[in-house]
Amino acid sequence: MDIRIGHGYDVHRLAEGLRLVVGGVEIEHTKGCVAHSDGDVAIHAICDALLGALALGDIGKLFPDTSAEFKGIDSRLLLRRVCELVASRGYSISNVDCTIALQRPKLRPHIDTMRERLSECMGISVDRISVKATTTEGLGFEGDEAGISAHAVALLRGNE
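Keep in mind the model is a prediction, meaning the values are calculated, not measured.

Asks: What is the right way to look at the overall build of the protein in this model?
Replies: Tallying secondary structure elements over the protein gives 5 helices and 7 strands in all. Ordered by position from N to C terminus, the α and β elements of the protein give β-β-β-β-α-α-α-β-α-β-α-β. For 160 residues, the compact-globule estimate of 2.2 N^0.38 gives 15 Å, and the C-alpha radius of gyration of the protein, at 15 Å, lies within 12% of that figure. Taken along the three principal axes of its C-alpha coordinates, the protein extends 50 × 35 × 25 Å. The proportion of buried residues among the 160 residues of the protein is 48%. Taking the contacts inside the protein whose residues are at least 6 apart along the sequence as the reference set, 71% of them involve residues at least 24 apart. As displayed, the protein has an accessible area near 7,800 Å², and 50% of this comes from carbon and sulfur atoms. Once the 18 positive and 23 negative side-chain charges of the protein are each reduced to a mean point, those two points are 2 Å apart.

Asks: Help me out: how do you make sense of the state of the cysteines in this one?
Replies: Any covalent bond linking the sulfur atoms of two cysteines counts as a disulfide. Summed over the entire model, instances satisfying the criterion amount to 0 disulfides. C47 carries a free sulfur, and the closest cysteine sulfur to it, the one in C83, is 7.2 Å from it. Note on C47: relative accessible area 0%, which makes it buried.

Asks: Please explain the sheet that holds strand β1 (residues 3-16) as it appears in this structure.
Replies: Backbone hydrogen bonds are what pair the strands of a sheet, in a parallel or an antiparallel way. Spatial ordering of the open sheet is given by β4-β1-β7-β5-β6, a layout of 5 strands whose pairing is mixed. The two strands at the open ends of the sheet, each matched to only one other strand, are β4 (31-33) and β6 (129-134). Direction aside, the axes of adjacent strands within the sheet are offset by 25° on average. Across 3 bridges, β1 lies against β4 in antiparallel orientation. Bridge pairing in β4 places L14 opposite C33. Running over the sheet, helix α1 (residues 41-53) touches β1, β5 (91-101) and β7 (147-158) and is turned about 155° from β1. Here helix α4 (residues 111-122) sits on the sheet and contacts β5 and β6; the angle it forms with β6, its principal contact strand, is near 140°.

Asks: Sorry, what's going on with α4 here?
Replies: The periodicity of an α-helix, 3.6 residues per turn, causes residues three or four positions apart to be oriented the same way. Helix length check: α4 (12 residues) gives 16 Å between terminal C-alpha atoms against 16 Å at 1.5 Å per residue, within 8%. Within α4, the full set of buried residues consists of I111, M114, L118, S119, C121 and M122. End-on view of α4: buried residues confined to an arc of 165°, all on one side of the axis. In this fold, the buried residues of α4 make contact with β2 (20-22), β3 (25-27), α1, α3 (75-88), β5 and β6. Residue G123 follows α4 closely and has a positive phi angle near 70°.

Asks: Where do I start with the side chain of D40 in this structure?
Replies: Positionally, D40 belongs in the loop between β4 and α1. Among buried Asp, Glu, Lys and Arg side chains, D40 stands out as unpaired, with R76 the closest opposite charge at 6.7 Å. Each residue touching D40, except ones within four places of it in the same chain, is listed here: V21, V22, G23, G24 and S75.

Asks: Hey, could you run me through the pairing of β7 in this one?
Replies: For a regular strand, side chains alternate in direction, first toward one face of the sheet and then toward the other. Sheet analysis places β1 next to β7, joined by 11 bridges and oriented antiparallel. When the bridges of β7 are listed, I3 appears paired with R157. Pairing analysis gives 10 bridges linking β5 to β7, with the strands arranged antiparallel. Residue pairing across strands places D97 opposite V153, the latter belonging to β7.

Cut-offs used in this document
Residues numbered from 1 in each chain as written. Predicted model: local features only at pLDDT ≥ 70, side-chain atom pairs only at ≥ 80, totals over all residues. Heavy atoms only, no water. Helix = DSSP H or I, 4+ residues; strand = E, 2+ residues; numbered from the N terminus. Rg over C-alpha atoms; globule rule 2.2 N^0.38 Å. Buried < 20%, exposed > 50% of the residue type's maximum accessible area, 1.4 Å probe, protein only. Contact = heavy atoms within 4.5 Å. Areas by Shrake-Rupley, 256 points an atom, 1.4 Å probe, with all protein chains shown as cover. Lys, Arg positive; Asp, Glu negative; His and termini not counted. Charge placed at Lys NZ, Arg CZ, Asp CG, Glu CD. Disulfide = S-S within 2.5 Å. Pairing = 2+ DSSP bridges. Axes fitted to C-alpha atoms, helices over the stretch in contact; angles between N-to-C directions. Expected span 1.5 Å × (residues − 1). Arc of directions from axis to C-beta. Salt bridge = Lys/Arg side-chain N within 4 Å of Asp/Glu carboxyl O.

As structure tokens, this is what we get:
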């Protein structure tokens, strides 16, 4: 069986008055992501993990932030396109694990909804998607509330 693993990482600055979208869920907060798209770090990290498993580069290569086509785009659309690419290359997503680092707001109340939204986009069951959130105990750019980051790992299996 052909198995591949990929890792993704994304980070965005936070600024007052912008939307905060994480894992396909809009979360009420005073700050949101400075980004060309909706700035969803969780989905961007997952896309990079899937693309990395296929050795196809990163999200910026497929969906450049210099393209008007992707200005303000819902990142769930990008994830769907990446998942179509995974399938077209003869692979299925076995599971995805994502960790989001953000000091405030607390993400725990939103994690189940994030997992459901990601499940819809990726076409895999919720029990194959892990989303975790952590603060950085006040350290670094996440702790200073200047930014948000996410890491993701994806395991793909070849379709036989």
